[in-house]
Amino acid sequence: MTLFRLDASIRAEGSASREIADIVEQEWLAAHPGDTVERRHIGVDVLPADAWGHAVNAGFVPVEDRTAEQTAAVKLATTLTDELVNADAALLAVPLYNWGVSQHVKAWFDLILTDPRVRAPEPLLQGKPVVLATVRGGGYAPGTPKHGWDHSTPYLRRILGDLWGADLTVVERELTLADVNPMMEPLRPLAKQLHAEALEAAQVAGRAFGLAPLTETV
Ligand SMILES: Cc1cc2nc3c(=O)[nH]c(=O)nc-3n(C[C@H](O)[C@H](O)[C@H](O)COP(=O)(O)O)c2cc1C
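These figures come from a predicted structure and were not determined experimentally.

(A) Region of interest: helix α5 (residues 153-163). Along α5, the positions that sit buried rather than exposed are T153, Y155, L156, I159 and L160. Along the long axis of α5, the arc covered by the buried residues comes to 165°, so they all point the same way. Exposed side chains of α5 directed beyond 90 degrees from the buried face belong to R158 and D162. Positive phi shows up at G165, right after α5, with a value of about 75°.

Right, dumping it as structure tokens:
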């Protein structure tokens, strides 16, 4: 069986989203020893920014008349979709950047959304176990000034869960910048608590993820 893992942090070291995803991945592998983990790190190995436009425009051109760029973009979209749908489960590690999803994450979703399989009657990930690990440097809890400013998590829930039908579990951590931002010094005890809670939640979600019933892959 295969686990597909997507990392979207723009750093490979010291990443809070990777820390959560690593725990979930370990739990998955504990339940499925010897499984393959297919990885794509779109925060570091970025997708070409013009691929989506070429993939969309290719849809209006007969295959034999497509430009080289359009052909390559359609191939890339097919590969990204294959990676996701051919896996038995998926794990996505996505930080909040500038109150939304990064261009890298948006490009990944937009390219998959050009694939004809997203228009099949059955949602793309119907019943597939998916864990989203998402982290935020600041605080967005109810009653805080930035409550409602996280436009990433609702978008990700909408596409993965509502549109694509995944069996979605979200593990969140915020205040990840408290230790490095002097202005957040008073928040450090809370940040420490949220960190510990997120790691615990990752363990719990990872265990359930490993035990989740799997649907047939296409
Ligand atoms: C360019 C940039 C923009 C960011 N924008 C936000 C933001 O809008 N809100 C927020 O809470 N944190 C923001 N952060 C902080 C990140 O969400 C935080 O550092 C997170 O831990 C990054 O994920 P990682 O630890 O997996 O690399 C931003 C960080 C960077 C580098």
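Read on for the rest.
(B) Up close: the side chain of E25. Looking at where E25 falls in the secondary structure, it is placed in helix α1 (residues 16-31). Residue E25 is classed as buried on the basis of its relative accessible area of 10%. In this structure, E25 is in contact with L3, R5, V37, R39 and L91, ignoring residues within four places of it in sequence.

(C) Representation of the site of the ligand in the model. What surrounds the ligand is a group of 17 residues, the closest being S9, S15, A16, S17 and Y140. Contact between the ligand and R11: an oxygen atom at 2.8 Å from a side-chain N or O atom of the residue. Here an oxygen atom of the ligand and a side-chain polar atom of T176 are 2.8 Å apart. Within the shell around the ligand, the residues separate by chemical class into eight nonpolar, seven polar and two charged.

(D) Expanded view of helix α2 (residues 51-58). What α2 keeps buried is the set A51, A55 and A58. In a view along the axis of α2, the buried residues occupy a sector of 65°, so they form one face of it. Residues of α2 that are buried sit in contact with α3 (68-85) and α4 (103-112).

What counts, and at which threshold
Residues numbered from 1 in each chain as written. Predicted model: local features only at pLDDT ≥ 70, side-chain atom pairs only at ≥ 80, totals over all residues. Heavy atoms only, no water. Buried < 20%, exposed > 50% of the residue type's maximum accessible area, 1.4 Å probe, protein only. Helix = DSSP H or I, 4+ residues; strand = E, 2+ residues; numbered from the N terminus. Arc of directions from axis to C-beta. Contact = heavy atoms within 4.5 Å. Near = heavy atom within 4 Å. Polar contact = N/O pair within 3.5 Å; in protein donor to acceptor, adjacent residues only side chain to side chain. Nonpolar A, V, L, I, M, F, W, Y, C, P; charged D, E, K, R; others polar.

No statement about biological role is implied by the geometric values presented.
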